[in-house]
Amino acid sequence: MARLAGFVAAVATGFGAGHLGLSLIGRDAGDTVSALDTPVAATAETAPVGAGSSAWPAAFGLYEPQPPAPPEPPAPPEPPPQAFDAGLVLKGLMANGAQSWAIVADPSGDFLLRVGDRLQGDVTVTSISPEGVWLDTPTGKVLIAFDY
């Protein structure tokens, strides 16, 4: 029982000494009220920014918020593929990267196309994909797709 009483007395003494030390440290030379007794909202309203020796220096300058930049307008959508009016019909294709080929028919018969092949005029096969054969024509890109 004596041990318990000694332990309680030691805790009470330590608590009192700690509170007294904190109360003394919280005082400046001219203050009459302890910093622990002053509400936080009151110190924030009454203490001017930069006053006293406890203010932080503006090491990197003062922060001035900038208004947000307006968003960039979206890019215009790519026009849909145009119908290529040369009588070409896609009969079959094998799309496998660099080894792609397609079977295309026109009124004169069927022929095999690969990427880079040139057709009538300035028409070039640019790619062969599962969608069909993409051609680069003087009027823009054109897709020859399967007729479903």
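Scroll up to find the structure.
The notes below deal with the structure included here. Keep in mind that what you see is a predicted model, and the values were worked out from it rather than measured. Along every chain, residues carry numbers that run from 1 in the direction the sequence is written. Per-residue local features of the predicted model are confined to residues with pLDDT of at least 70, and side-chain atom pairs are confined, for both listing and counting, to 80 or more; whole-chain, interface and lining totals are unaffected and use all residues. Excluded from the side-chain calculations are hydrogens and water; all other atoms, namely the structure's heavy atoms, are used.

### Considering the nonpolar core
Going by this rule: Only buried Ala, Val, Leu, Ile, Met, Phe, Trp, Tyr and Cys residues count toward a nonpolar core, and they belong to the same one when joined by side-chain atoms within 4.5 Å. Per-residue accessibility, obtained with a 1.4 Å probe over protein chains only, is compared with the maximum for each type, and a residue is labelled buried under 20%, exposed over 50%, and partly exposed between these values. Put simply, DSSP H or I for four residues or longer makes a helix, DSSP E for two residues or longer makes a strand, and each gets a number counted from the N terminus. Whether two residues touch is decided by their heavy atoms; if any such pair falls within 4.5 Å, the residues are in contact.
Counting twelve residues, the largest nonpolar core consists of L88, L90, A102, V104, L113, L119, V123, V125, I128, V133, L135 and I144. Residue assignment for this core shows that the elements contributing at least two residues are β2 (101-106), β4 (124-129) and β5 (132-137). With near-sequence residues (within four places) excluded, A102 lies in contact with L90, G92, L93, F111, L112, L113, I128 and V133.

### What about the pattern of salt bridges?
Definition in use: In what follows, salt bridge is the name for a side-chain nitrogen of Lys or Arg lying within 4 Å of a carboxyl oxygen of Asp or Glu.
Scanning all chains against the criterion turns up one salt bridge. Two residues, R118 and D122, come together in a salt bridge whose shortest N-O distance is 3.5 Å. Owing to a relative accessible area of 54%, D122 belongs among the exposed residues under this scheme.

### Observations concerning the side chain of T137
Heads up, the condition is: Polar contacts here mean pairs of N or O atoms no more than 3.5 Å apart (in protein, one a potential hydrogen donor and the other a potential acceptor; neighbouring residues in sequence count only if both atoms are side-chain atoms).
If you trace the backbone, T137 turns up in strand β5. By relative accessible area, T137 is classed as buried at 9%. For T137, the side chain forms a polar contact with the side chain of T139, separated by 3.1 Å. Of the polar contacts made by the side chain of T137, one reaches the backbone oxygen of G140; its length is 2.5 Å.

### Quick word on the environment of L119
Mapping L119 onto the fold places it in the loop between β3 (109-113) and β4. Separated by 16 residues in the primary sequence, L119 and L135 have C-alpha atoms spaced 9.1 Å apart.

### With respect to the sheet that holds strand β6 (residues 140-145)
Where strands meet in a sheet, backbone hydrogen bonds hold them as pairs that are either parallel or antiparallel. Here is the rule: Note on pairing: two strands pair once DSSP finds at least 2 bridges between them. Interaxial angles span 0 to 180 degrees and are taken between N-to-C directions of axes, which are lines fitted to C-alpha atoms, for helices over the stretch in contact.
Read from one edge to the other, the open sheet built from three strands follows the order β4-β5-β6, with strand pairing classed as antiparallel. Every interior strand has two partners, whereas the edge strands, β4 and β6, have only one. The mean angle between the axes of side-by-side strands here comes to 25 degrees, regardless of whether they run parallel or antiparallel.

### Brief notes about the pairing of β5
Two strands pair when backbone bridges link them, and β4 and β5 are joined in this way by five bridges, in the antiparallel orientation. Bridging from a neighbouring strand, S129 pairs with G132 of β5. Hairpin connection between β4 and β5: a loop of two residues separates the two successive antiparallel strands. Direction of pairing for β5 relative to β6: antiparallel, over a ladder of six bridges. Bridge pairing links D136 to K141 in β6. Counting the residues between successive antiparallel strands, the hairpin from β5 to β6 contains two residues.

### Some words on the pairing of strand β1 (residues 89-94)
As paired elements, β1 and β2 share five bridges and run antiparallel to each other. By the bridge assignment for β2, V89 is matched with A105. The antiparallel hairpin formed by β1 and β2 contains six residues in its connecting segment, where G97 sits at a positive phi of about 65 degrees.

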